[in-house]
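If you want the building blocks of each chain, they are given just below.
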Amino acid sequence: MRPFKGRDVISVLDFTREEIDYILDKADSIMGLASENPDMLKGKVMAILFFEPSTRTRVSFETAMKRLGGATVDMSEPRRTSIQKGENLTDTIRVVDNYVDVIVIRHPLEGSARLAAEVARNPVINGGSGAEEHPTQALLDLYTIRKEKGRIDGLKIAFVGDLRYGRTVHSLSMALSNYDVKLYLVSPELLRMRREVVEYTSKRIPVEEVDDLDEIIEEVDVLYVTRIQKERFADVSEYMKVKGSYRITLDHVKRMKEDAIIMHPLPRVDEIDYSVDRTPQAKYFKQVYYGLLVRMSLLALILGAVE
Amino acid sequence: MAERELRVSKIRDGTVIDHITAGYALAVLRIIGLTGREGHVISVIMNVPSKKLGKKDIVKVENRELKEEEVHKIALIAPRATINIVRNYEVVEKKRVKLPEIIRNVIRCANPSCITNSGEPVQPLFLVESMEPLRLRCHYCNRVMTRDDVIKQF
């Protein structure tokens, strides 16, 4: 296994299964390690360079850094400053790289994090690059599955909703292809999973594309729900037609296995009925806490505070 | 054959690129960076009958032997092209085009949302996953390009 210190986190494909498992193992112990040594990242500074609005991911990274004793510099709206003056991403990264020890970047263009990592001397973490990837979300999703189901291997996992533009499902399906799982992709025709992701994943694990949630609801162990955005449809009536078919209600939960879990990368709008929140299957808010642990684990590893 | 010889005389020294996909001779010149302003005599023959391809294009560049790395890029748009190096009217070397493993700065990524299409000072870079059918993976956005995506650019 390559050492983690100094590494970038751009794509889930940058990590082997062994390395992913190691990051998740470290997430199990990171709170304990942080309470023993709350200053393990003292003197380290993380830049949060978000070119797209975000609350959850930004706060999660910021909290993770602070809980390990590090500091953060939030440049969440660079649009207002240098970018508005016409500075390109390359120059922005070169400048910020001089001030900090690690950069977390979210950018609307695909490949942006890869470019940033090539330019920066310090490690770069991809906090979401266009519709392409969101690797730390995929890691925290794997961690949630492992914590809540006790394992990842042997599970049947369904993704529901917008699989075309949802970057979290792209990263997660590639990450899951390291494990022995069966994947169901449930979406309207227009929002089918990207071909290259299906091609990559289906070479490694069984993948089935399904139109109707009812076909698989009874057999899945993990239901991963994503939001269908209205703006993806040229015709609002098309949106109204598909919207309801991918909305999770108590009726769905009743038909699910008792020990199945429901996940969601959040923000949720109305694709999971609020009544589902009270069921034991609903894990989407716990997922947030697991995200904190995984990001703490990653930061501690990359900045060399733990091995 | 006689008819073809009238159309295209033999060259004394230089490079003949044969079996170019019909209609793509000008694109081939563009891909190897020949503008005509270099001063070489260049013959471009398009849509001639071919046993192998039905129709094909041919490009002849006189007094210039194309280098290995120049010609292989041709495989992006004309995978069946052959390269003949001619010296004193004789073909001294004949080779088929073969794509390198990495294509740098020849084509653009077909994904409009790719960072390489946004004016950043970065050269597009593709990893060749397969030549037939053509599959190029963008090093930056990971999007896979096909031959159709490449041809549209020429």
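Residue positions are counted from 1 within each chain, in the order its sequence is given. Chain letters start at A and ligand numbers start at 1, both assigned in the order the entries are written. Where totals are concerned, whole chains, interfaces and linings use all residues; where local detail is concerned, this predicted model gives features only for residues with pLDDT of at least 70, and gives and counts side-chain atom pairs only at 80 or more. Side-chain calculation: all heavy atoms of the structure are included, whereas hydrogens and water are not.

Visitor: I keep staring at the pairing of strand S5 (residues 90-96) of chain B and nothing clicks. Help me out?
Guide: Each regular strand displays side chains that alternate between the two surfaces of the sheet. Residues and elements named next belong to chain B. Here strand S4 (residues 82-87) pairs with S5 via six bridges, running antiparallel. By the bridge assignment for S5, Thr82 is matched with Arg96. Remark: two residues form the turn of the hairpin made by S4 and S5, two consecutive strands paired antiparallel; Asn88 in that turn has positive phi of roughly 50°. At least two bridges found by DSSP between two strands is the condition for calling them paired. Helix and strand assignments come from DSSP, with helices taken as H or I runs of at least 4 residues and strands as E runs of at least 2, each series counted from the N terminus.

Visitor: Can you help me understand empty space enclosed by the protein in this one?
Guide: All names here are of chain A. Here a cavity denotes a set of grid points, spaced 1 Å apart and computed over the protein atoms alone, in which a 1.4 Å probe fits but from which it cannot get out, and a pocket denotes an open set meeting protein on both sides within 12 Å along at least five of seven lines; residues with an atom within 4 Å of a point are reported as lining. Grid points are joined across faces, edges and corners, and a volume is the space filled by probe spheres set on the points. Inspection of the entire model under this criterion finds one cavity of 30 Å³ or more. Of the pockets and cavities examined, the largest cavity occupies roughly 120 Å³. At the level of elements, helix H6 (167-176) and helix H7 (195-202) are the ones that each hand at least two residues to the lining of the largest cavity. Of all the elements, H7 adds the most residues to the lining of the largest cavity, at three residues. Residue composition of the lining of the largest cavity, grouped by class: five nonpolar, two polar and six charged. Gly is placed with the polar residues, together with every amino acid not listed as nonpolar (Ala, Val, Leu, Ile, Met, Phe, Trp, Tyr, Cys and Pro) or charged (Asp, Glu, Lys and Arg).

Visitor: For this particular structure, what's the right way to read the pairing of strand S5 (residues 156-160) of chain A?
Guide: All names here are of chain A. Within S5, four of the five residues are buried, leaving the element largely enclosed by the surrounding structure. Where S5 and strand S6 (residues 182-186) come together, five bridges link them in parallel fashion. Residue pairing for S6: Lys156 is matched across the bridge by Lys182. By definition, the crossover connecting two strands over a helix is right-handed if that path, from the first strand to the second, turns clockwise as seen with the strands pointing away from the viewer. This β-α-β element, S5 to H6 to S6, shows right-handed connectivity. Looking at chain direction, S5 and strand S8 (residues 222-225) are connected through four bridges and run parallel. Each residue of the ladder has a partner; that of Ile157, found in S8, is Val222. Summary of the burial criterion: residues with accessible area below 20% of their type's maximum are buried, those above 50% are exposed, and those between are partly exposed, where the area comes from a 1.4 Å probe applied to protein chains only.

Visitor: Which parts of the structure should I look at to understand the interface of chain A and chain B?
Guide: Put simply, an interface is often sized by how much accessible area is lost when its parts join up. Residue contacts follow a heavy-atom distance rule, with two residues in contact if any of their heavy atoms lie within 4.5 Å. The interface of chain A with chain B comprises 15 residues on the first partner and 15 residues on the second. Two parts placed together each lose some accessible area; with a 1.4 Å probe, that loss summed over both constitutes the buried area. Of the roughly 1,400 Å² buried between chain A and chain B on both sides combined, carbon and sulfur atoms contribute 47%. When the buried surface of chain A facing chain B is broken down by residue, Leu109, Glu110 and Glu196 of chain A rank first, second and third, together holding 36% of it. Just to be clear on terms, a salt bridge is a Lys or Arg side-chain nitrogen sitting within 4 Å of an Asp or Glu carboxyl oxygen. Note that Arg143 of chain B and Glu110 of chain A form a salt bridge whose closest N and O atoms lie 3.6 Å from each other. Any N or O atom pair separated by 3.5 Å or less is treated as a polar contact, with the protein-specific requirement of one donor-capable and one acceptor-capable atom, and with residues adjacent in sequence counted only for side-chain atom pairs. At the boundary of chain A with chain B, the tally comes to nine residue pairs in polar contact (both at pLDDT 80 or more). Within the residue set of the side of chain A that touches chain B, elements represented by two or more residues are helix H3 (89-97), helix H4 (112-119) and H7 of chain A. Counting residues per element, the side of chain A that touches chain B draws most heavily on H4 of chain A, at four residues. A breakdown of the residues in the side of chain A that touches chain B according to their chemical character gives three nonpolar, five polar and seven charged.

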